[in-house]
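Coordinates in review
Each chain, letter by letter, is given below.
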Amino acid sequence: MTTTERPLALVTGASSGIGYELARQFAQHGFDVVVTAEDAELGTAAESLKEYGGQVMPVRADLTRYDEVERLWTATVAAGRPLDAVAVNAGVGAGGAFARETSLEAELTLIELNVTSSVHLAKRAVAAMTARGKGKILFTSSVAALTPGPFEAVYAASKAFLHSFAEALRSELKDSGVTVTSLLPGPTDTEFFERAGMEDTRVGSGKKDDPAEVARQGFDALMKGDDKVVAGSFVNKVQGVAGRVTPDTAKAAMHRRMAEPGKGGTSGNDE
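Residues numbered from 1 in each chain as written. Predicted model: local features only at pLDDT ≥ 70, side-chain atom pairs only at ≥ 80, totals over all residues. Heavy atoms only, no water.

- An unreviewed UniProt entry annotates the protein as Short-chain dehydrogenase originating from Microbispora rosea.
- Looking at the protein in UniProt, the text filed under Sequence similarities (unreviewed entry) is "Belongs to the short-chain dehydrogenases/reductases (SDR) family." (UniProt positions renumbered as here; feature names shortened; annotations may be inferred.)

Here it is in structure tokens:
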């Protein structure tokens, strides 16, 4: 296919981890991709995606800033063709006790990236896609969205927001030709736990899923138009089912055991 014939996808947080693997899924399946991230590794990631034969357009941007989200959207529109799919994936974590360990600045930045920029970008994408009557949107939430999250309270709440937002948008857009899918991975082998300061927790030091497999499951669900997918291991899928019936107090207690600082290396690292 020529460049103008290939569908176009936008992936945020695409320099590494699940975001990079989502971009790779799009590239492998015949999409041109606009990829964005804040860090310098975006250039290397973009170059590696070119091996699949499509156009790769890197836009380095800090999505915690309104003007940077707008710049990303302007660059995407400048591709000169409709946006067929968007993976709203960029996010960050913050672990520790809210009362005494975590930084307010870091938590407000987390909200700006995980929540505010996601709504901002979705607003632009939904308007464009509904006008065209076609499009697919993927939000990277988390299994943490399904439970209260002691010791990563703001992060878990941000992912609950994204999952709820995705489900609500899906209902609103059901007759529009635009589908919305929520991706809910469990602990995944990325830089997330290091960046969140959670390496000394049971979840941080335990087994993790392959980001390539998580992205493949997310991409497949997006292409099929599914409402959501609990991605990764069988344990994650069981947690997703159990989360529907387990009381919040019990779920909070289980999450506390996994995310409490200083508990890494103890028994139960099977997540």
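**Details of the UniProt feature "domain: Ketoreductase" (unreviewed entry) in the protein**
- The feature "domain: Ketoreductase" (unreviewed entry), as given by UniProt, occupies residues 7–190 in the numbering adopted here.
- Helix makes up 44% of residues 7–190 and strand makes up 18%, while its end C-alpha atoms are separated by 28 Å. (Helix = DSSP H or I, 4+ residues; strand = E, 2+ residues; numbered from the N terminus.)

**What to know about the sheet that holds strand S1 (residues 8–12)**
- Strand order across the open sheet formed by seven strands is S3-S2-S1-S4-S5-S6-S7, with parallel pairing between neighbours. The open sheet has two edge strands with one neighbour each: strand S3 (56–60) and strand S7 (228–231). The sheet shows a mean angle of 15° between the axes of neighbouring strands, taken without regard to direction.
- In terms of strand pairing, strand S5 (residues 135–140) meets strand S6 (residues 178–185) through six bridges, oriented parallel. Bridging from a neighbouring strand, Ile137 pairs with Val180 of S6.
- Each of S1, strand S2 (32–37), strand S4 (85–88), S5 and S6 touches helix H1 (residues 17–28); the most contacted strand, S1, lies at about 170° to it. (Pairing = 2+ DSSP bridges. Axes fitted to C-alpha atoms, helices over the stretch in contact; angles between N-to-C directions. Contact = heavy atoms within 4.5 Å.)

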